[in-house]
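Per-entry structural report
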Amino acid sequence: MTAQQLLRAADATAPLLVACDIDGTLVRTGSPATQAVREAVSAVRGAGHHVVLSTGRSLAGALPVARELGLDDAWLVASNGATTAQLSGGSYAVVECLPVHAESAVRVAARLQPNVRIAAEAVGVGYRVSGAFPRGELNGRQEGVARLADLWASPTPRLAILGPDAARLVPALSALGLTALLTRPDWVDVTPPNVSKATALEKVRERLGVEDCRTVAIGDGENDIEMLVWAGEGYAMGHAPAPVLAVADVVTGTIDDDGAATALRGLLVSSAQAGPTA
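Please read all numbers here as calculations on a predicted model, not as lab measurements.

Here the focus is the nonpolar core. Generally speaking, nonpolar side chains in soluble globular proteins are found buried as a group. Membership of the largest hydrophobic core comes to 35 residues, with the highest contact counts inside it found for Leu53, Leu69, Leu76 and Leu264. Of all the secondary-structure elements, those providing two or more residues to this core are strand 1 (17–20), helix 2 (35–46), strand 2 (50–54), helix 3 (59–68), strand 3 (73–78), strand 4 (83–88), strand 12 (215–219) and helix 9 (259–274). What Leu53 contacts, discounting residues up to four positions off in sequence, is Cys20, Ile22, Leu26, Ala62, Val65, Ala66, Leu69, Leu71, Trp75, Leu76 and Val77. Residues Val145, Leu159, Ile161 and Val188 belong to the second largest nonpolar core, which totals 21 residues.

Below is the structure:
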């Protein structure tokens, strides 16, 4: 049975959980969502479905996008699954924040690549940084630290490591049991062991009482792979790299084509064909 058939075979009166990556999926990094994306998100929510932002961004970076899309009463997964928040009435509550073992990661990074810059996320605020990151690279406030130990003085769900040879750190960080994601050649995200967007979304699904076959995910990056596999139907953006395309059930348009909006509108057609949604 295909993923599309699974969606139609489930209780057609039940809502979908639609998990959407942000950068490269709903928006081009640094740009606002297009009108097509805003309208598609609004239509899916208006049909009674749950739209959950699921992003590698910090919570501070994800909240403005949620507000832009009108997600004032919704769930949000940030920091590649390490942080989950519930939005309500213009405010938010952190439901889960899983701390990474920052000390071991920072010590290894500093020993192997002493010139890298390291940022420790301060949830909802910004980052504590060993050195200033270029403008636009981090969301929220940057607070410089005097000592590396200050990076792990307070719990953090995620470290961001920036440097020309940052990729070389992935094996050593993984050997510590941490989740080390190479998001680009000079950037590594470090989160707790066995944590991904999928692990956080599964907890949200259980809280919402959505059937596992009524789940959809849309993404474009390698940090979306687990999420696309987890979903009853996984959509890869057309510009996604080959490993992401390989696990997707459906390939939609690129970011330039508003591929996420196309996928979202397609869900409304599928739901209409299956039956009314409560």
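Let's shift gears to the environment of Ala240. Relative to the helices and strands, Ala240 resides in the loop between strand 13 (233–236) and helix 8 (242–247). Separated by 14 residues in the primary sequence, Ala240 and Thr254 have C-alpha atoms spaced 8.0 Å apart. Ignoring sequence-local partners within four residues, the contact set of Ala240 consists of Asp220 and Leu245.

The next point concerns the sheet that holds strand 11 (residues 187–191). The strand order across the open sheet formed by six strands is 8-7-6-9-11-10, and the pairing between neighbours is mixed. At either margin of the open sheet sits one strand with a lone partner, and together these are strand 8 (141–144) and strand 10 (179–184). Recorded for the sheet is a direction-independent mean angle of 25 degrees between the axes of neighbouring strands. Judged from the five bridges that link them, strand 10 and strand 11 form a sheet pairing that is antiparallel. Bridging from a neighbouring strand, Thr179 pairs with Thr191 of strand 11. The sheet strands contacting helix 4 (residues 102–112) are strand 6 (117–122), strand 9 (159–162) and strand 11, and the helix crosses strand 9 at an angle near 5 degrees.

What counts as what
Residues numbered from 1 in each chain as written. Predicted model: local features only at pLDDT ≥ 70, side-chain atom pairs only at ≥ 80, totals over all residues. Heavy atoms only, no water. Core = buried A, V, L, I, M, F, W, Y, C linked by side-chain atoms within 4.5 Å. Buried < 20%, exposed > 50% of the residue type's maximum accessible area, 1.4 Å probe, protein only. Helix = DSSP H or I, 4+ residues; strand = E, 2+ residues; numbered from the N terminus. Contact = heavy atoms within 4.5 Å. Pairing = 2+ DSSP bridges. Axes fitted to C-alpha atoms, helices over the stretch in contact; angles between N-to-C directions.

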